[in-house]
Structure formats: C-alpha cells, structure tokens
Amino acid sequence: MTQDELKQAVAKAAIEYVVPGAIIGVGTGSTANYFIDELGRIKDRIPGAVASSEATAKRLAGHGIKVLDLNDVSDIPVYVDGADEIDAGLAMIKGGGGALTREKIVAAVARKFVCIADASKLVQTMGKFPLPVEVIPMARAHVARELAKLGGEPVLRPGFTTDNGNLILDVKGLSITDPQALETRINAIVGVVTNGLFALRGADVALLAGTEGVKTLKRA
C-alpha cells in the first residue's frame, strides 16, 4: 500500500469514533484531510465541526459541513487529528503543518483525542522529526537562544506565518526521553506560544495503518 492509501485506510477507520448528533473536532494535515473527505460522506449525522486551522475550515466547508467557532461550543466528544511522530505512551509531535496551537486548543476541549497516522510514525523515542515551536515574532531570537540551551538546533521555518500571525522555529537534534517535562519547559520560555509536543494532553486512542491493516493503541 502507498502512504496515501494507508492514510485513507486510517481515515475510514476513524469514522467509527464519530459520535452521531455531536460536534466533531478536526485536525490539520494530509491525513486529517482524508478524514475530512470521509466525514463528508456522513455529514448528515453531525451538526457541525470545529476546525484547527483555516485550511481545515475551508475543506470542511467545501464538503458542506458547518464550521463552528470553538467559543460557541461547550462540548466536543471526539477530536481526530494526525501526528508527525507518536510514542508508545501516545505522546506526539505535531505541527508539521504549522497549526499546533489551534490543534492543542481543540484537543484540550475534547473528551477523547483519536490520533490517525501511518504506522511509520510510531517511534521509540521522539525527536527525529524536528519539534515545531510557535513564537511571537519579536521573541524569535531570544527563544532560539533558549532552545539551543536545551541541546536543539532551532531553525526558522522560511516564508511561513501561522494562522495566528506568528513564526515557527523547527528544533532539530532533540532526543525526547521525557516529553511531558520538555513540553512544560519549552512553554515556560517567554515568547513561546506553545510547542508541538502533545504529551501533557496526548492521544487517548491511536489508529495506525500498516500493510496488515489498522492497528489500535489505547492509553494505559
């Protein structure tokens, strides 16, 4: 199976987690896009969705799915999103698409986080994928110096601005053995909006597509 076929398979599997009659939270990225396409087939079962990015909102609307402002929603039973890396404890690195802050906000509201990815994203130790950090523009250099002190190599994502008007520093060279501690430490740097570690609020369920089908992992 190609990577696109794996993404499509896991997107179809995630439809089983959609709660009929309830708002669904939807992530950002290529795998999430396949989920949106599948969601479009059952749009009559849900009243609408909360999007984690402008791109996701546009794709949802293109399928005729009502997009709701998170401020107008008090309950999201399920949030479905992809990951750039995920470990056995269901902590993740996210933000390759630059939507990490809004993804983290929607995930915080959701009662259940369902991560969808191809099986290659499951790693023993995270950090091979550069860790995205969203920063206030005026703090870019300061934050970069502080991230370097943690042993990483921060690189400004060229020509990119988040939906929130901020910049992304992608941190290379990290070996993330304690994702919760590192998430907390980076978020404490003045000028950081948030970072792409989803460890304090990781996934509850991971659906991982491989050549033998979709495997389900659940948080212990």
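Structural data are supplied above this passage.
Residues numbered from 1 in each chain as written. Predicted model: local features only at pLDDT ≥ 70, side-chain atom pairs only at ≥ 80, totals over all residues. Heavy atoms only, no water.

Asks: Can you walk me through the overall build of the chain in this structure?
Replies: The helix and strand tally for the chain stands at 6 helices and 13 strands. Its C-alpha atoms give the chain a radius of gyration of 17 Å, within 12% of the compact-globule value 17 Å for 220 residues. For the chain, the C-alpha atoms occupy an extent of roughly 50 × 40 × 30 Å along the three principal directions. Buried positions account for 51% of the 220 residues belonging to the chain. The long-range fraction of contacts in the chain, counting pairs at least 24 apart against all pairs at least 6 apart in sequence, stands at 71%. Split by element, the accessible area of the chain, about 10200 Å² in all, is 50% carbon and sulfur. Looking at the chain, you have 25 positive and 25 negative side-chain charges, and the mean spots of the two groups are 1 Å apart. (Helix = DSSP H or I, 4+ residues; strand = E, 2+ residues; numbered from the N terminus. Rg over C-alpha atoms; globule rule 2.2 N^0.38 Å. Buried < 20%, exposed > 50% of the residue type's maximum accessible area, 1.4 Å probe, protein only. Contact = heavy atoms within 4.5 Å. Areas by Shrake-Rupley, 256 points an atom, 1.4 Å probe, with all protein chains shown as cover. Lys, Arg positive; Asp, Glu negative; His and termini not counted. Charge placed at Lys NZ, Arg CZ, Asp CG, Glu CD.)

Asks: Can you walk me through the sheet that holds strand β9 (residues 167–172) in this structure?
Replies: Where strands meet in a sheet, backbone hydrogen bonds hold them as pairs that are either parallel or antiparallel. The strand order across the open sheet formed by 4 strands is β8-β9-β7-β10, and the pairing between neighbours is antiparallel. One side of each edge strand has no neighbouring strand; the edge strands of this open sheet are β8 (153–156) and β10 (192–195). Going from strand to strand, the sheet's axes swing by 30° on average, the running direction of each strand aside. Strand direction decides the pairing type here: strand β7 (residues 131–135) and β9, joined by 5 bridges, are antiparallel. Among the inter-strand pairings, Glu-134 is bridged to a residue of β9, identified as Ile-168. Packing against the sheet, helix α4 (residues 100–109) makes contact with β7, β9 and β10, and its axis sits at approximately 70° to β10. Relative to β10, helix α6 (residues 179–187) is tilted by about 165°, and along the sheet it contacts β7 and β10. (Pairing = 2+ DSSP bridges. Axes fitted to C-alpha atoms, helices over the stretch in contact; angles between N-to-C directions.)

Asks: I would appreciate a short explanation of the packing of aromatic side chains in the present structure.
Replies: Both the distance between ring centres and the angle between the ring planes are used here to describe each pair of aromatic rings. Inspection of the entire model under this criterion finds 2 aromatic pairs. One Lys or Arg, Lys-94, reaches over the ring of Phe-198 and ends 5.4 Å from the middle of that ring. A cation over an aromatic ring shows up here: Arg-157 above the ring of Phe-160, its NZ or CZ 5.2 Å from the ring centre. (Phe/Tyr/Trp six-rings, centres within 6.5 Å; stacked < 30°, edge-to-face > 60°. Lys NZ or Arg CZ within 6 Å of the ring centre and 35° of its normal.)

Asks: What am I meant to see in the sheet that holds strand β2 (residues 49–51) here?
Replies: One open sheet accounts for 6 strands, arranged β2-β1-β3-β6-β12-β13; its pairing is mixed. Each end of this open sheet is capped by a strand with a single partner; those strands are β2 and β13 (213–218). Strand-to-strand twist across the sheet, computed as the mean angle between neighbouring axes with direction ignored, equals 20°. Two elements, strand β3 (residues 76–81) and strand β6 (residues 110–118), share 5 bridges in a ladder whose sense is parallel. By the bridge assignment, Asp-81 is partnered in β6 with Cys-115. Each of β1 (24–26), β3 and β6 is contacted by helix α2 (residues 30–41), which is oriented at about 145° to β1, the strand it contacts most. Sitting on the sheet, helix α3 (residues 54–62) touches β1 and β2, and the angle it makes with β2 is about 150°.

Asks: Quick question: what am I supposed to make of the side chain of Thr-28 here?
Replies: With respect to the helices and strands, the residue Thr-28 is situated in the loop between β1 and α2. Residue Thr-28 is classed as buried on the basis of its relative accessible area, which comes to 17%. Reaching out from Thr-28, the side chain makes a polar contact with the side chain of Ser-52 at a distance of 2.7 Å. Side chain to side chain, Thr-28 and Thr-56 meet in a polar contact 3.1 Å long. (Polar contact = N/O pair within 3.5 Å; in protein donor to acceptor, adjacent residues only side chain to side chain.)

Asks: Could you clarify how one ought to interpret a nonpolar patch on the surface in this entry?
Replies: A surface patch of nonpolar side chains, about 310 Å² in accessible area, is lined by Ile-136, Met-138 and Val-193. With respect to the element layout, Met-138 can be found in the loop between β7 and α5 (140–149). We classify Met-138 as exposed; its relative accessible area is 79%. (Patch = residues over 30% accessible without salt bridge, like charges linked within 9 Å, V, L, I, M, F, W, Y side chains within 5 Å. Salt bridge = Lys/Arg side-chain N within 4 Å of Asp/Glu carboxyl O.)

Asks: It is not clear to me how the nonpolar core should be interpreted in this structure. Could you clarify?
Replies: When a protein is soluble and globular, its nonpolar side chains tend to lie buried together. Among the nonpolar cores identified, the biggest contains 26 residues, and Ile-24, Phe-35 and Leu-39 are the most heavily contacted of them. Contributing elements (two or more residues each) for this core: α1 (3–14), β1, α2, β2, α3, β3, β6 and β12 (205–210). Apart from the residues lying within four places of it in its own chain, the contact partners of Ile-24 are Val-18, Phe-35, Leu-39, Ile-46, Gly-48, Ala-49, Val-50, Ile-76, Val-78 and Val-80. Ranked by size, the runner-up nonpolar core spans 21 residues in total, among them Val-143, Ile-176, Val-192 and Ala-199. (Core = buried A, V, L, I, M, F, W, Y, C linked by side-chain atoms within 4.5 Å.)

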